[in-house]
Amino acid sequence: NLDVMESWYEKLHKWEEALDAYRQRLRTEESMEAQEGCMRCLQALGEWEQLKDMTEACWQTAHAEARSRISPLGAAAVCQIGDVERLALYIEAMG
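Predicted, not measured: the structure shown is a model, and the values here were computed from it.

**Some words on the side chain of T55**
One can find T55 in helix α4 (residues 48–59). Only 2.8 Å separates the side chain of T55 from the backbone oxygen of L51, close enough to count as a polar contact. Among all residues touching T55, those that are not within four sequence positions of it are M39, I70, L73, G74 and Y90.

So this is what it looks like as structure tokens:
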């Protein structure tokens, strides 16, 4: 089961493998869960630009609950990059 594999890679801190598995899943289906998984992996790997780009892309279609889950990831990315203008948007969604 691919879902189990993705989550186990994350639990084992095998971030590259988890990221690959989530990306493979996204090639065949549109899944917010897989997108969030990719974002968690990118954060763990310190891939701030990719994380920022993915968060911004997902933000457009995400509902309020999903935004509250991905906003800490987006906030971490923009803080690392120094994009403080975008930070307020993510902080507001956390509340």
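Alright, that's what it looks like, and here's the rest.
**Some remarks on the packing of helix α5 (residues 64–81) against helix α6 (residues 84–94)**
Where α5 contacts α6, the two axes come as close as 8 Å, and the packing angle between them is 150°. As far as their axial angle goes, α6 and α5 are roughly antiparallel. Crossing hand, α5 versus α6: left-handed. Contacts between α5 and α6 involve R67, S68, S71, P72, G74, A75, V78 and C79 from the former and R86, L87, Y90, A93 and M94 from the latter. Class assignment of the residues belonging to the contact of α5 with α6 gives a composition of eight nonpolar, three polar and two charged.

**Digging into the pattern of salt bridges**
Inspection of every chain in the model, using the stated rule, returns eight salt bridges. With its nearest N and O atoms 2.7 Å apart, the salt bridge here joins R69 to E36. In this pair, R69 sits in helix α5 while E36 sits in helix α3 (residues 32–45), placing the two residues 33 residues apart along the sequence. Of the residues examined, R69 reaches a relative accessible area of 37% and is grouped as partly exposed.

**Overview of the packing of aromatic side chains**
Enumeration over the complete set of coordinates arrives at one aromatic pair. Taking the centre distance of 5.0 Å and the plane angle of 85° together, the rings of W59 and Y90 count as edge-to-face. Taken together, the residues span a long stretch of sequence, with W59 in helix α4 and Y90 in helix α6 at a distance of 31 residues. The buried category is assigned to Y90, whose relative accessible area is 0%. Against the face of W8 rests K11, its NZ or CZ located 5.2 Å from the ring centre.

Reading the values: rules and limits
- Residues numbered from 1 in each chain as written.
- Predicted model: local features only at pLDDT ≥ 70, side-chain atom pairs only at ≥ 80, totals over all residues.
- Heavy atoms only, no water.
- Helix = DSSP H or I, 4+ residues; strand = E, 2+ residues; numbered from the N terminus.
- Polar contact = N/O pair within 3.5 Å; in protein donor to acceptor, adjacent residues only side chain to side chain.
- Contact = heavy atoms within 4.5 Å.
- Axes fitted to C-alpha atoms, helices over the stretch in contact; angles between N-to-C directions.
- Parallel < 35°, antiparallel > 145°, perpendicular 65-115°, else oblique.
- Left-handed = near helix turned anticlockwise from the far one by under 90°.
- Nonpolar A, V, L, I, M, F, W, Y, C, P; charged D, E, K, R; others polar.
- Salt bridge = Lys/Arg side-chain N within 4 Å of Asp/Glu carboxyl O.
- Buried < 20%, exposed > 50% of the residue type's maximum accessible area, 1.4 Å probe, protein only.
- Phe/Tyr/Trp six-rings, centres within 6.5 Å; stacked < 30°, edge-to-face > 60°.
- Lys NZ or Arg CZ within 6 Å of the ring centre and 35° of its normal.

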